[in-house]
Amino acid sequence: MDIKICLIGKGNVGTSLIELLKEKSEILNEKFNLNIKMVAIVEYDGALINEDGINLEEVLSKGERFRELPYWKVDSKPTDLYKKLDINICVEATPTNPNTGEPALSHIMEALNNGINVVSSNKGPFYLKYQQIEDLAKNNNLIVKYEASVASVVPALSIADCLIGNQITRIKAILNGTCNYILSRMAAEGITFSKALKEAQELGIAETDPTLDIEGFDAAGKLVILANKLLGWRKTIKDVKIKGISKITPQTIELAKSDGLIIKHLAIVDEDELIVEPRLIERDSPLNISGTLNVMELQTKYAGPIVLMGRGAGGPEAASAILNDLINIVKKRG
Ligand code: HSE
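All of these numbers come straight from a predicted model, not from anything done at the bench.

1. Side note on the sheet that holds strand β8 (residues 168-174)
No. 1: One open sheet holds the six strands; their spatial order is β9-β11-β10-β8-β12-β13, and the pairing between them is mixed. Edge positions in the sheet fall to β9 (240-242) and β13 (304-311), since each has one partner strand and no second. On average, each strand axis in the sheet is tilted by 30 degrees relative to the strand beside it, whichever way the strands run.
No. 2: Of the strand pairs in this sheet, β8 and strand β10 (residues 261-270) are connected by three bridges, and their pairing is antiparallel. Note that in β10 the partner of K172 across the bridge is I268.
No. 3: Sheet strands touched by helix α7 (residues 177-189): β8, β10 and β12 (293-300). Its angle to β10, the strand with the most contacts, is close to 160 degrees.

2. As for the domain arrangement of the protein
No. 1: In terms of domains, the protein is made up of domain 1 (2-153 + 315-333) and domain 2 (160-311).
No. 2: Distance between the C-alpha centres of domain 1 and domain 2: 28 Å.
No. 3: Across the contact, 15 residues belong to domain 1 and 17 residues belong to domain 2.
No. 4: Together, Y127, Y130 and V150 form the three largest contributors to the area buried by domain 1 at its contact with domain 2, with a combined 41%.
No. 5: Note that R311 and E317 form a salt bridge whose closest N and O atoms lie 2.7 Å from each other.
No. 6: In this structure, the connection of domain 1 to domain 2 is made through four residue pairs in polar contact (both at pLDDT 80 or more).
No. 7: Per-element tally for the side of domain 1 that touches domain 2: the top contributor is helix α5 (residues 124-139), with six residues.

3. Quick notes on the pairing of strand β6 (residues 117-120)
No. 1: Judged by which residues are buried, β6 turns out to be covered on both faces: N117 and V119 on one side and V118 and S120 on the other are all buried.
No. 2: As paired strands, strand β5 (residues 89-92) and β6 are joined by four bridges and run parallel to one another. Bridge pairing in β6 places C90 opposite V118.
No. 3: In terms of handedness, the path from β5 via helix α4 (residues 104-113) over to β6 forms a crossover that is right-handed.
No. 4: Read from β6 through α5 to strand β7 (residues 144-145), the crossover connection turns out right-handed.

About the criteria used
Residues numbered from 1 in each chain as written. Predicted model: local features only at pLDDT ≥ 70, side-chain atom pairs only at ≥ 80, totals over all residues. Heavy atoms only, no water. Pairing = 2+ DSSP bridges. Helix = DSSP H or I, 4+ residues; strand = E, 2+ residues; numbered from the N terminus. Axes fitted to C-alpha atoms, helices over the stretch in contact; angles between N-to-C directions. Contact = heavy atoms within 4.5 Å. Domains from an automatic or database assignment. Buried area = accessible area lost by both parts, 1.4 Å probe. Salt bridge = Lys/Arg side-chain N within 4 Å of Asp/Glu carboxyl O. Polar contact = N/O pair within 3.5 Å; in protein donor to acceptor, adjacent residues only side chain to side chain. Buried < 20%, exposed > 50% of the residue type's maximum accessible area, 1.4 Å probe, protein only. Right-handed = clockwise from strand over helix to strand, strands pointing away.

Here is the structure:
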């Protein structure tokens, strides 16, 4: 089966997806009889276009000079391409403005309005306009998936399908790798907040504007998506009580340590509240993870707690979550 996809955004995640599709094309063919053709790779100033499928190896070999390829069309916009190229799935992986969700929000809405299924690694559109996006997809009989937007490859959203016979009632999680890295480094090595933040930025996991991480907005956005998807809530980021970690000092961490406790930046769904704030946890808590990892403790009605943990950021990780979503859409559409 041929599936034509359009990738919007050739940054870290987009490039990792191109690499993954190139690497897995044979296996996808053998295992799922699936031939994923990338027919357009769209950037803010134009697009690479080939309706027979772009040569991914060639694009990768060009690196940042991909605009030199003969099939680069200046100023091509996604809306010009959807019908012309008969695209089945649009993959949205652009950098997003956290206040407006743009340009990802418009890309997603336009794709759905053009009868195209969507996979997104962007969280902004979903913590701002979750209901509108889900409604549009439903009304147009389309599928929108965004597993990579929360905890990347950790199946934070797909777990809903695995627990369909159960009921998730509460969530306690660590959803921001940057904050967890900073707190872990401060606790383990006694280094300052600013040094730990600098290290997190060097690791490439912090947002371009790191205040989104350290003031809790990134975790709050992901928490909204979790609450809506896993508990059926209809919240936006405005509904979250948010406190960051920028005021935590090495002294506070030492004080907690002397009581045998750890300070973690938790994201919590409890009763009817959404909270992101630093809290004390026990040393042997499953939430006591170190470094850039993410973790989620889901309280279920019929089976107690279920814990998911893993890498919540990174290009290859997000790309593999996107590929999961692509395969799942194809399976559902048969
Ligand atoms: N800045 C985010 C983090 C990246 O630190 O977790 C993944 O969304």
